[in-house]
Structure formats: C-alpha cells, structure tokens
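# Results of the structural survey
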Amino acid sequence: MNNNFNIVDKFNSDNILIIDFGSQFTQLIARRVREEGVFCQIVPYNKVSEYLTTNTPKGIILSGGPSSVLGIETPRIQKEIIEMRRPILGICYGQQVLVQQLGGSVVSSNTSEFGRANIKVISSCSLTDRVWEIGKKYQVWMSHGDSVVKMPKGFDAVAETEGAAYAVIANEESKQYGVQFHPEVVHTLEGKKIIHNFVKIISACKNTWSMESFLDYKIDIIKGQVGEEKVLCGLSGGVDSSVTAAILDKAIGDQLVCVFVDHGLLRGGEAEEINTIFSKRLGSRFIYVQASKIFLEALQGVSDPEKKRKIIGNKFIEVFEAEAKKLGDIKFLAQGTLYPDVIESVSFSGGPSVTIKSHHNVGGLPEKMNLKLVEPLRELFKDEVRVLGDELGLPINLIARHPFPGPGLAIRIPGTITNDSIVTLQKADNIFIEEIRNANLYDKIWQAFCVLLPVKSVGVMGDSRSYDKALVLRAITSVDGMTAEVYPFEHSFLNRVSTRIVNEVKGINRVTYDITSKPPGTIEWE
C-alpha cells in the first residue's frame, strides 16, 4: 500500500495519529476515533518521521501488537513522538513500549490474560473520568503475556486486574496514559467512552470527520490517483463492490467500466440476478463474463484453503487483464476490499501484524500484476460501507445484503471441489436463507451460510441405510466483522431447517449448527 500522509486541510487541524505496532485491532481504534467525528491516520511505527513532515496530530495512540518489548529487535516509539509533548494513549503493547522507553519495567508474566477480564478501579484520572468509579469492577478485553511491573516516573496506578497490577496507568501532567486492555473492542463495555475521553477531552479534538467528508476525501484521492485513465471495477453484486462502483462512478464517470465474473462459485441463481440488475443500471459499462470453467479446472484436486484463495485471486486478475486488453489501455483495477479482509491477510499500513488467512483480493493477488489497484473502501468496516452506500443513494435491498466472500463457495466446501458439491451446497444454502427470511430474521443476522463438510456419516433414510455428507449451518451477529457471536436460533427453527435440507437435498443426511464465536474461530471456515 502507498503511504500518502498528506491529508486535506480540513482534517489536518484536528486529527489523531495511530501508530501501528501490528495489532489485529488497529483499525478498530481508528473506527472508534471516527465515531467521535475525528479524522485519524494509521501509520506504521517505522514511518512516523515521514508522517510528521506534513502533519501535526493533536493526540497519539499506540496500538497493540504481536511482539514482546523484551525482544531485541521489536518495534519501538520514535524519539520525536515523545518529544512532541502531545497526549499519548498506549494500548496493550503500546502501553508496554511506552513504559519501557520512559524508564519503567516490563516482564514476561506467569499469568497471561486472554479474553474477558474484570478490572478494579483504584484511583481516578482524566482517561476514566465519568466512566469508571473508584472501588468498582468493570469488564474489559485482555490479550497479553507480558506485564508492567514498574511504572515510569510521574505515573500513577489507576486500575488493576488479577494478572496486571498496572492495567491502567496515568501521568496527568504530561497527558500520557497506558492501558493493558483493548478499549477499542466491543467486549470492553465502556471502551468507547474511554477513547472519547482521550480524543475529545484530553486531546481536545473537534468534529471534522463524517461519512460525507470521507466521501469527498476519497473522491479527491481517486481523481488524483487515476487522472484521465480508465478503471476496471470487479463487480460482484455484493455491498462492497457495489459501493466501490458507485464511488468511482461519482468520481470519474465514463472512465469506469464494471466487469462481473461468474466463477461458478456463487449462491444458487445469484449470477443471473446480478446480470439482470446491473445490466439495467450500467448499460454498456457492465460486462458479464462466464468463467466458471476456468476457475473450476484450476481448483480441481486442490484442498488447501490458502491455495484455493490464491488460485482464485490469480484467475480473477487473469480474467480482468484479458477484459482490459479488449477494452483498450486500462491501467487500474478497482476492488471492494474492506479492512477486515486486509487485517487478516496483511498489515493495513505496512506494519508487523500477523497473517490469519489470505483473502483472494488481498493476499491472493499475484506478485506481478499489470493493473494498479484502486481500493477506496480499504479503511472501512462493513457497517460503515453500508452508511456510505446510503450516502451514495444505493437501494436499501442492495446495501443490506449479507456479506459474501470473493472466493464464494470454494471456501465453504472444505477439501476438494466438484460440480456436484457446489450444486448440493447451493440448494442447502438457499433453503437456509429462505427460512431465515420467512422468520423475519434476515436483518437481525450479520451473515448466514452453510458449509458442506468432506465428512460422511451413517444415517437412516426411510428403512434404508444412508452414508452421506454432513452440513454445517453458520449464522452470526457482528458490528464490524472483527468479532462475532453466534445467532441464538430457537430449536424449532433449526429443526425445521434441518428437516427441509435432509428431505430436499440429495447427498446430505446430517445437519449441525456452528456455535463458535470470533475469536477463537473466524466467520468463514476457510
């Protein structure tokens, strides 16, 4: 990703710098800051000097990260950050590196804390003012093995947990704060209020950011990046690619051409539906490409999920490049990549985060690609994209669709893929979604789908023995896709869905319901 730290003037006067040490939750911090109406930029810890040449933040947040400050060559805070005398909030690793560089001590703890924890407030500070009361306990979200054991000079202990004596520390004079927990995740119940205090009260930032201003900002960036060149947009018909197309249409108009590639791995009837809708909306600027044979032949015999994603990413690019050649000299490819895709695949800003899985349009892209990428939604989460879609005037039925992965059913069929397994999964998935709609639950669920397992089990169909595949139902609720909880269906609903699938879909004799949250699982199985 190109790090362009020159932001427009209306954002430059009131903004927060987020220094990225590689946390999976770094963009969640940015999200919380944006929810306060304040612009922010994520900058890798080793790119801070470049950022500071054109920007002067009103406050600085240090993210968490996978490293240990006890290591020899782990990320550190650059000297000029400390010398700026701006408010600083260190989160998890950010707290530890702040403490160590200011003269405190961090050790590898015998008691690690991962997940929900109770924090006890022992004193007050500006960070927790009107949020927590002294002597009471509150729920926070922890993820650490190292702990602070000695505070730097000028700091006071504010709160503690069983595994962290200095879970919150504060130096009110220098406006420097450290928290061992993650206030940016929803499981820290008052986390948004803590971030509000840092951004609005301590850093004194004013409201300068909105989805409308973000749209203007992105349009300016797109125009500057693209110039007079044409852009090929990979349009799947989902929320992300549709909003991407709408932004580009607003920014560059007739320079945009949208291509829908039917890779044969969509939900049942979806390819025909998308072709009908977007042919009417875009006319000659919408191109339908039937490429299922190309994709399925490339996936034949492949069972490793990372290989599947990379194969699909490569084939998408091959098809787009072929279409670009037909259309003339096209140099840019637009994709509806969102932040959760990016953070699971690579570090958003070039920082040291850990790869969870490659997304076909991020980690699955070939190293040598003849088209340059345009990804206007790369900083956003799904619900923010829906707000942006509304700002752009897209119809609600399109904005409210459940997410669907770019690799499609390829990652919902663990193991090798066949035409029969695709058809079987499409039928089962259609039944599941139909019953969800019939129960008026579709808009209450973030994402619902089926997974066809490469596992057979013995069953009884009528008076005969069956030996068929098992199917998993998956339905989750979420705000941003970074964390998720299972949807609590009534047993009667699950029984109805199971009965229909077993009776109506040949090849399935067992239906289960996945009750795993994220974390520890991911939303998709592969």
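Computed from a predicted structure; not experimentally measured. (Residues numbered from 1 in each chain as written. Predicted model: local features only at pLDDT ≥ 70, side-chain atom pairs only at ≥ 80, totals over all residues. Heavy atoms only, no water.)

The next subject is the overall build of the protein chain. Per the secondary structure count, the protein chain includes 16 helices and 18 strands. Taking 526 residues into account, the globule formula puts the C-alpha radius of gyration at 24 Å, and the protein chain, at 25 Å, falls close to it. Based on the C-alpha atoms only, the size of the protein chain along its principal axes is roughly 75 × 60 × 40 Å. When the 526 residues of the protein chain are sorted by exposure, 58% land in the buried category. (Helix = DSSP H or I, 4+ residues; strand = E, 2+ residues; numbered from the N terminus. Rg over C-alpha atoms; globule rule 2.2 N^0.38 Å. Buried < 20%, exposed > 50% of the residue type's maximum accessible area, 1.4 Å probe, protein only.)

Further remarks concern the pattern of salt bridges. Scanning all chains against the criterion turns up 24 salt bridges. The partner of Glu435 in a salt bridge is Arg496, and the shortest N-O contact between them spans 3.1 Å. Of the two residues, Glu435 sits in helix H15 (residues 419-438) while Arg496 sits in helix H16 (residues 491-504), which places them 61 residues apart along the sequence. The class of Glu435 is buried, set by a relative accessible area of 7%. On the basis of relative accessible area, Arg496 is assigned to the partly exposed category, the value being 37%. The structure contains a network of salt bridges with shared partners spanning Arg31, Arg32, Arg34, Glu35, Lys192, Asp383 and Glu384. (Salt bridge = Lys/Arg side-chain N within 4 Å of Asp/Glu carboxyl O.)

Let us now look at the packing of aromatic side chains. In this structure the tally under the stated criterion is 15 aromatic pairs. Pairing Phe489 with Phe493 gives two aromatic rings, centres 4.4 Å apart and planes at 15°, and the pair type is stacked. Ring-pair connections join several aromatic residues into one group, and the members of that group are Phe432, Tyr487, Phe489, Phe493 and Tyr513. When the ring centre of Phe449 is taken as reference, the NZ or CZ atom of Arg412 above it lies at 4.0 Å. Here Arg437 stacks its cationic end above the ring of Tyr442, 3.8 Å away from the centre of that ring. (Phe/Tyr/Trp six-rings, centres within 6.5 Å; stacked < 30°, edge-to-face > 60°. Lys NZ or Arg CZ within 6 Å of the ring centre and 35° of its normal.)

Next up on the list: a negative patch on the surface. A grouping of Glu212, Asp216, Asp220, Asp390 and Glu391 is seen on the molecular surface, where their side chains present a negatively charged patch. Looking at the negative patch, the elements that each hand over two or more residues are helix H7 (211-226) and helix H13 (382-391). A per-element tally of the negative patch places H7 first, with three residues. Mapped onto the fold, Glu391 is located in helix H13. (Patch = residues over 30% accessible without salt bridge, like charges linked within 9 Å, V, L, I, M, F, W, Y side chains within 5 Å. Areas by Shrake-Rupley, 256 points an atom, 1.4 Å probe, with all protein chains shown as cover. Lys, Arg positive; Asp, Glu negative; His and termini not counted. Charge placed at Lys NZ, Arg CZ, Asp CG, Glu CD.)

A cis amide bond links Lys518 to the next residue, Pro519, at an omega of -15°. Along the polypeptide, Pro519 turns up in the segment after strand S18 (508-513). Residue Pro519 is joined to Pro520 through a cis peptide bond whose omega torsion reads 15°. With respect to the helices and strands, the residue Pro520 is situated in the segment after S18.

Turning our attention to the nonpolar core. Membership of the largest hydrophobic core comes to 50 residues, with the highest contact counts inside it found for Phe432, Ile436, Leu471, Leu473, Phe489 and Ile501. Considering every element that reaches this core, the biggest residue donor is H15, with seven residues. With residues up to four places along the chain from it excluded, the contact list for Ile501 reads Ala428, Ile431, Leu471, Leu473, Ile508 and Val511. Formed by 40 residues, the second largest nonpolar core is a distinct cluster that contains Val226, Phe332, Ala334 and Val374. (Core = buried A, V, L, I, M, F, W, Y, C linked by side-chain atoms within 4.5 Å. Contact = heavy atoms within 4.5 Å.)

Okay, the sheet that holds strand S13 (residues 332-334) next. Taken together, the five strands give an open sheet; going across it, the order is S12-S11-S10-S13-S14, and neighbouring strands pair in parallel fashion. Of all strands in the sheet, those with a lone pairing partner are strand S12 (286-290) and strand S14 (372-374), marking the two edges. Within the sheet, the average angular offset between the axes of one strand and its neighbour, ignoring direction, is 30°. Sitting on the sheet, H7 is in contact with strand S10 (231-234), S13 and S14, with an inclination near 165° to S14. Contacting S10, strand S11 (256-262), S13 and S14, helix H8 (residues 239-252) crosses the sheet at an angle of about 160° to S10. (Pairing = 2+ DSSP bridges. Axes fitted to C-alpha atoms, helices over the stretch in contact; angles between N-to-C directions.)

Our next topic: the packing of helix H10 (residues 292-299) against helix H11 (residues 305-327). Across the interface, H10 lies against H11 with an axial gap of 10 Å and an inter-helix angle of 150°. Comparing their axes, H11 and H10 come out roughly antiparallel. Regarding H10 and H11, the two cross each other, and that crossing is right-handed. Listed contacts from H11 to Ile294, Phe295, Ala298 and Leu299 of H10 are Lys308, Ile311, Ile312, Lys315, Phe316 and Val319. (Parallel < 35°, antiparallel > 145°, perpendicular 65-115°, else oblique. Left-handed = near helix turned anticlockwise from the far one by under 90°.)

Once that is clear, we can look at the packing of H8 against H13. Helix packing for two helices is described by the angle between their axes and how far apart those axes are. Two elements in contact, H8 and H13, have axes whose closest approach is 10 Å; the angle formed by their N-to-C orientations is 40°. Overall, the two elements H8 and H13 adopt an arrangement that is oblique. Judged by the sense of rotation from one axis to the other, the crossing of H8 with H13 is left-handed. Mapping the contact onto sequence places Val239, Asp240, Val243 and Ile247 in H8 and Lys382, Val385, Arg386, Leu388 and Gly389 in H13. Partitioned by chemical class, the residues of the contact of H8 with H13 number five nonpolar, one polar and three charged. (Nonpolar A, V, L, I, M, F, W, Y, C, P; charged D, E, K, R; others polar.)

A few words now on the environment of Val239. Summarising the element assignment, Val239 is placed in helix H8. The sequence separation of Val239 and Thr74 amounts to 165 residues, and the corresponding C-alpha distance is 39 Å. Other than its neighbours up to four places away in sequence, Val239 contacts Lys382, Val385, Arg386, Leu398, Ile399 and Arg401.

This next bit is on the confidence of the model for the protein chain. When pLDDT is low, close inspection of the predicted coordinates is not appropriate. With 90% of its residues at a pLDDT of at least 70, the protein chain reaches an overall mean of 87. Note that residues 343-368 has pLDDT below 50 and, in this model, 94 contacts with residues that lie over four places away or in other chains. (pLDDT = per-residue confidence, 0-100.)

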